[in-house]
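So you can see what is in the structure, the chains are spelled out below.
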Amino acid sequence: MTDLDRLTQSLARNLKRWRGERGFTLDALAARAGVSRGMIIQIEQARTNPSVGTTVKLADALGVSITTLLDHEQGSPVRLVPADQAVRLWSTEAGSATTLLVGTEARGPLELWSWRLMPGDGSRSDPHPEGTVELLHVTTGTLTLVVADTPYSVPAGTSATFEAHHPHAYRNEGAEPVELTMTVSIPPVR
């Protein structure tokens, strides 16, 4: 079984599990997430690999982290994630990438990310649920963080936090790669 097959199976199993735990019908989850009922059926039957955006929408609608939807090893109170098991969710031919390092459901989903943006690359994010907060720390280069259409320059060594229910984007407008670590805290579903 390939990594992609394992990821597809984990997503199918975990999406069904969390939809059931939340008591959401296919139609209810589709409406909450803004994802078609047909797409949810395909994901739950492990017949497709959805985009990162679709996976984020489903996780947000369920009130869980992406890690929880993709996790194939749950159980121990301590979870170590070796570098080769971190989940790369987005990449470009230029070498930009986002990697989900680890996440948890304690007091609402919490995710830790590693980002690398090559010069000229960027990534947009749909607004997350009200109460979602992102914290980031730039280790290399200068990140252009755009929140609610306002750009902010975040140079290496600088940290930032923002309310992620606003539309936001991450861009590298410089000449060197940007590397950063980011944490996303999502409020629990009520």
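Heads up: the structure comes first, above all this text.
Since the model is a prediction, treat every value here as computed from it, not as a measurement.

J.: Help me out: how do you make sense of the overall build of the chain in this one?
T.: Helix and strand counts for the chain stand at five helices and 10 strands. Taken along its principal axes, the extent of the C-alpha atoms in the chain is 45 × 35 × 35 Å. Considering only residue pairs separated by 6 or more positions, the chain has 63% of its internal contacts joining residues 24 or more positions apart. As displayed, the chain offers around 9,900 Å² of accessible surface, 51% of which is attributable to carbon and sulfur atoms. The chain carries 17 positive and 21 negative side-chain charges, and their two centres are separated by 8 Å.

J.: Quick question: what am I supposed to make of the pattern of salt bridges here?
T.: For the structure shown, the criterion picks out five salt bridges. Across the pair Arg19 and Glu44 runs a salt bridge whose closest N-O atoms are separated by 2.6 Å. Remark: Glu44 occurs in helix H3 (residues 37–44) and Arg19 occurs in helix H1 (residues 3–22); sequence separation between them is 25 residues. One exposure class covers both Arg19 and Glu44, and it is buried. Glu179 is paired through a salt bridge with Arg116; the nearest N and O atoms lie 2.2 Å apart. Residue Glu179 is located in strand E10 (residues 178–185), and its partner Arg116 is located in strand E3 (residues 110–117); the two are separated by 63 residues in the primary sequence.

J.: Any chance you could explain the environment of Ser185 here in plain terms?
T.: Its place among the elements puts Ser185 in strand E10. We classify Ser185 as partly exposed; its relative accessible area is 28%. For the pair Ser185 and Gly34, spaced 151 residues apart in sequence, the C-alpha separation works out to 21 Å. Leaving out residues up to four positions away in the same chain, Ser185 has contacts with Pro109, Leu110, Gly131, Thr132 and Val133.

J.: Looking at this structure, I do not really get the side chain of Asn172. What am I missing?
T.: Assignment of secondary structure puts Asn172 in the loop between strand E9 (168–171) and E10. Its relative accessible area of 2% is what places Asn172 among the buried residues. Engagement of the side chain of Asn172 in a polar contact is seen with the backbone oxygen of Met118, the distance being 3.5 Å. When sequence neighbours within four positions are dropped, the list of residues in contact with Asn172 reads Leu117, Met118, Pro119, Gly120, Asp121, Thr142, Pro177 and Val178.

J.: How do you make sense of the pairing of E10 when you look at a structure like this?
T.: Across a regular strand the side chains alternate sides, sitting on one face of the sheet and then on the other. The alternating pattern of E10 places Val178, Leu180, Met182 and Val184 on a buried face, while none of Glu179, Thr181, Thr183 and Ser185, on the opposite face, is buried. Bridging between E3 and E10 involves eight bridges; their strand directions are antiparallel. Residue pairing in the sheet places Trp115 in a bridge with Leu180 of E10. When strand E5 (residues 133–140) meets E10, the two strands line up antiparallel, connected through seven bridges. Its bridge partner lying in E10, Val133 is registered against Ser185.

J.: Looking at this structure, I do not really get helix H2 (residues 26–33). What am I missing?
T.: Within an α-helix, residues lying three or four positions from one another point in the same direction, as the helix has 3.6 residues per turn. Those residues of H2 that fall on the buried side of the exposure criterion are Leu26, Leu29, Ala30 and Ala33. Projected onto a plane normal to the axis of H2, the buried residues spread over an arc of 100° and lie on a single side. Seen from the buried face of H2, the exposed residues on the opposite side, beyond 90 degrees, are Asp27 and Ala31. The elements touched by buried residues of H2 are H1, H3 and helix H4 (52–62). In the stretch just after H2, Gly34 is the one whose phi turns positive, near 70°.

J.: So what exactly am I meant to see when it comes to the side chain of Thr54 here?
T.: Tracing the sequence through the fold places Thr54 in helix H4. Sequence-distant contacts of Thr54, that is, excluding residues within four places in its chain, are made with Val35, Met39 and Ile43.

Criteria and thresholds
- Residues numbered from 1 in each chain as written.
- Predicted model: local features only at pLDDT ≥ 70, side-chain atom pairs only at ≥ 80, totals over all residues.
- Heavy atoms only, no water.
- Helix = DSSP H or I, 4+ residues; strand = E, 2+ residues; numbered from the N terminus.
- Contact = heavy atoms within 4.5 Å.
- Areas by Shrake-Rupley, 256 points an atom, 1.4 Å probe, with all protein chains shown as cover.
- Lys, Arg positive; Asp, Glu negative; His and termini not counted.
- Charge placed at Lys NZ, Arg CZ, Asp CG, Glu CD.
- Salt bridge = Lys/Arg side-chain N within 4 Å of Asp/Glu carboxyl O.
- Buried < 20%, exposed > 50% of the residue type's maximum accessible area, 1.4 Å probe, protein only.
- Polar contact = N/O pair within 3.5 Å; in protein donor to acceptor, adjacent residues only side chain to side chain.
- Pairing = 2+ DSSP bridges.
- Arc of directions from axis to C-beta.

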